[in-house]
Amino acid sequence: MKGKRVGAGMDQYSVCDVLVIGRACVDYITVVEHFPEEDSKVMLHERVKEGGGQGTNTACCCARLGTTVRYVGALGDDDEGRFCLQRLNDFGVDTSGVRRLEGTRTPVAYIVVTRSSGKRTIIYEPSPPSAVFLDETLEALIESARVVLLDPSVTHLAAGIQALKRRGAIVYDCERWKEGMADMMSLADYFIPAYPFLNDPELALPGESIKVRMRNLAAQVAGRLIVTHGEAGAYYLHEEGLYQVRPPRALIRDTTGAGDNFHAAFAAALARDFDLHAAVRFAVAVATLSCRALGGRAGLPDLAEATQVMGTLQAQRIA
């Protein structure tokens with residue numbers, strides 16, 4: 001698969017706060033009163049076109065928070081790819097690590113948002129196979145970053161990254177069990193799945209309570225375990241305790257990208273030397289605020305607002 005590097009940014013091997021490696025796509029977002037039943041018709045209230053994908057969403061969020069961020073990923077040589085690249089540039093993301101794949105389409109996602117709840121349903125095209133691979137250039141970028149954020153589409157890179165002599169803190173956005181997951185569980189310094197992952201049949205975690213399941217999963221993960229849980233906020237283990245950070249009160253218009261923005265804010269917090277308690281509070285604040293507008297980016301706070309809202313949140317030990 002032929003490709004060429006495009007985009008602009010800092011010197012190729014200069015140190016950045018956060019290196020994001022992952023998926024890019026275009027989101028077509030529609031707002032309806034309620035999710036339609038099969039073979040029915042509902043009225044469309046709003047529609048928005050926005051850049052999407054875990055990788056590019058997290059990169060834009062990091063940049064919005066004042067973090068120096070470089071994005072590595074692949075785009076098709078098409079209008080959607082050009083749109084994705086422009087949106088990254090709009091946020092000030094370093095795109096020097098982006099490859100354009102000749103003869104390949106940039107994936108798209110169609111997102112249906114229910115107006116009354118802000119919850120979304122996503123229908124997506126997969127990313128091109130082997131769109132991102134570990135070569136000398138990517139190895140050098142990983143070695144020069146303070147924090148490396150990996151999304152599910154690059155789980156296959158785990159074994160190769162683990163062999164590098166030097167790297168920043170690894171944050172992994174876990175979606176579902178994939179090939180290479182065992183390697184990623186050994187690699188990640190911060191392993192962050194959403195709550196449904198605790199019920200993944202590949203894990204077969206024993207126990208009924210979230211505390212028991214998290215402790216059983218933590219025994220399989222080399223680094224820290226943090227679990228996001230939508231309206232409940234986030235849970236994490238620290239020393240002998242289970243902690244929860246509940247989200248602030250906020251108007252929820254669209255939850256698209258909330259998880260991506262949690263991971264981004266957490267990575268940005270690590271780059272600013274926040275401790276674990278503060279990093280989770282910061283991430284919950286940013287993820288919640290990002291839900292106040294359509295798409296994963298229009299509602300993002302800047303650093304000052306995120307810090308202010310973070311200050312209203314508490315990390316409570318619940319077990």
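Before reading on, note that the structure itself is shown above.
Residues numbered from 1 in each chain as written. Predicted model: local features only at pLDDT ≥ 70, side-chain atom pairs only at ≥ 80, totals over all residues. Heavy atoms only, no water.

**Q** Please give an account of the packing of aromatic side chains that cites residues and values.
**A** One pass over the full model with this rule turns up six aromatic pairs. Ring geometry for Y28 versus Y110: centroids 5.6 Å apart, planes at 20°, classification stacked. With Y28 in strand β3 (residues 25-32) and Y110 in strand β7 (residues 108-114), this residue pair connects regions lying 82 residues apart in the sequence. Owing to a relative accessible area of 47%, Y110 belongs among the partly exposed residues under this scheme. Taken together, a centroid distance of 5.5 Å and an interplanar angle of 75° make the contact between F274 and F282 edge-to-face. Its relative accessible area of 0% is what places F282 among the buried residues. Ring pairing ties together the aromatic residues Y172, F191 and F197, which thus form one cluster. Over the face of the ring belonging to F83 we find K49, whose NZ or CZ atom lies 4.4 Å from the ring centre. (Phe/Tyr/Trp six-rings, centres within 6.5 Å; stacked < 30°, edge-to-face > 60°. Helix = DSSP H or I, 4+ residues; strand = E, 2+ residues; numbered from the N terminus. Buried < 20%, exposed > 50% of the residue type's maximum accessible area, 1.4 Å probe, protein only. Lys NZ or Arg CZ within 6 Å of the ring centre and 35° of its normal.)

**Q** For the pairing of strand β14 (residues 241-245), give the residues involved together with the corresponding values.
**A** Counting buried residues in β14 gives five out of five residues, a clear majority hidden from the surface. The alternating pattern of β14 places G241, Y243 and V245 on one face and L242 and Q244 on the opposite face, and all of these are buried. With five bridges connecting them, strand β13 (residues 234-238) and β14 associate as antiparallel partners. In the sheet register, Y236 faces β14, and the bridge partner there is Y243. Following β13, the chain reverses through two residues before pairing antiparallel with β14; E239 in that reversal takes a positive phi of roughly 55°. Here β14 pairs with strand β15 (residues 315-317) via three bridges, running antiparallel. For Y243, the partnering residue across the bridge sits in β15 and is R317. (Pairing = 2+ DSSP bridges.)

**Q** Provide a residue-level description of the nonpolar core, including the pertinent values.
**A** Judged by nonpolar contacts, the single largest core of 55 residues is most densely connected at V18, V93, I226, F262, F266 and V280. Counting residues per element, this core draws most heavily on helix α8 (residues 276-289), at eleven residues. Once residues lying within four places of it in the same chain are set aside, the contact partners of F266 are V171, Y190, I192, I226, L276, A279, V280 and A283. One finds V72, L157, F191 and V227 within the second-largest nonpolar core, a separate group that totals 39 residues. (Core = buried A, V, L, I, M, F, W, Y, C linked by side-chain atoms within 4.5 Å. Contact = heavy atoms within 4.5 Å.)

**Q** For the sheet that holds strand β8 (residues 120-124), give the residues involved together with the corresponding values.
**A** One open sheet holds the four strands; their spatial order is β4-β3-β7-β8, and the pairing between them is mixed. With partners counted over all chains shown, the strands left at the sheet margins are β4 (44-52) and β8, one partner each. Averaged over all pairs of adjacent strands, the angle between their axes in this sheet comes to 20°, without regard to strand direction. Bridge count for β7 against β8 is five bridges, and the pairing is antiparallel. Bridge assignment links V112 to a residue of β8, and that residue is T121. (Axes fitted to C-alpha atoms, helices over the stretch in contact; angles between N-to-C directions.)

**Q** Break down the pattern of salt bridges for me, citing the residues and quoting the values.
**A** Pairing is possible between side chains of opposite charge, provided their charged atoms come close. Under the defined criterion, the tally for this structure stands at 13 salt bridges. Of the charged contacts, one joins E125 and R105 as a salt bridge, the two residues approaching to 3.2 Å between their closest N and O atoms. Residue E125 is found in the loop between β8 and α3 (136-144), and its partner R105 is found in the loop between β6 (94-101) and β7; the two are separated by 20 residues along the sequence. Judged by its relative accessible area of 26%, E125 falls in the partly exposed class. Its relative accessible area of 63% is what places R105 among the exposed residues. A salt bridge links R292 to E305; the shortest N-O distance between them is 2.8 Å. Separated by 13 residues along the polypeptide, R292 in the loop between α8 and α9 (303-310) and E305 in helix α9 bring together distant segments of the chain. Under the relative-accessibility criterion, R292 is labelled partly exposed at 30%. (Salt bridge = Lys/Arg side-chain N within 4 Å of Asp/Glu carboxyl O.)

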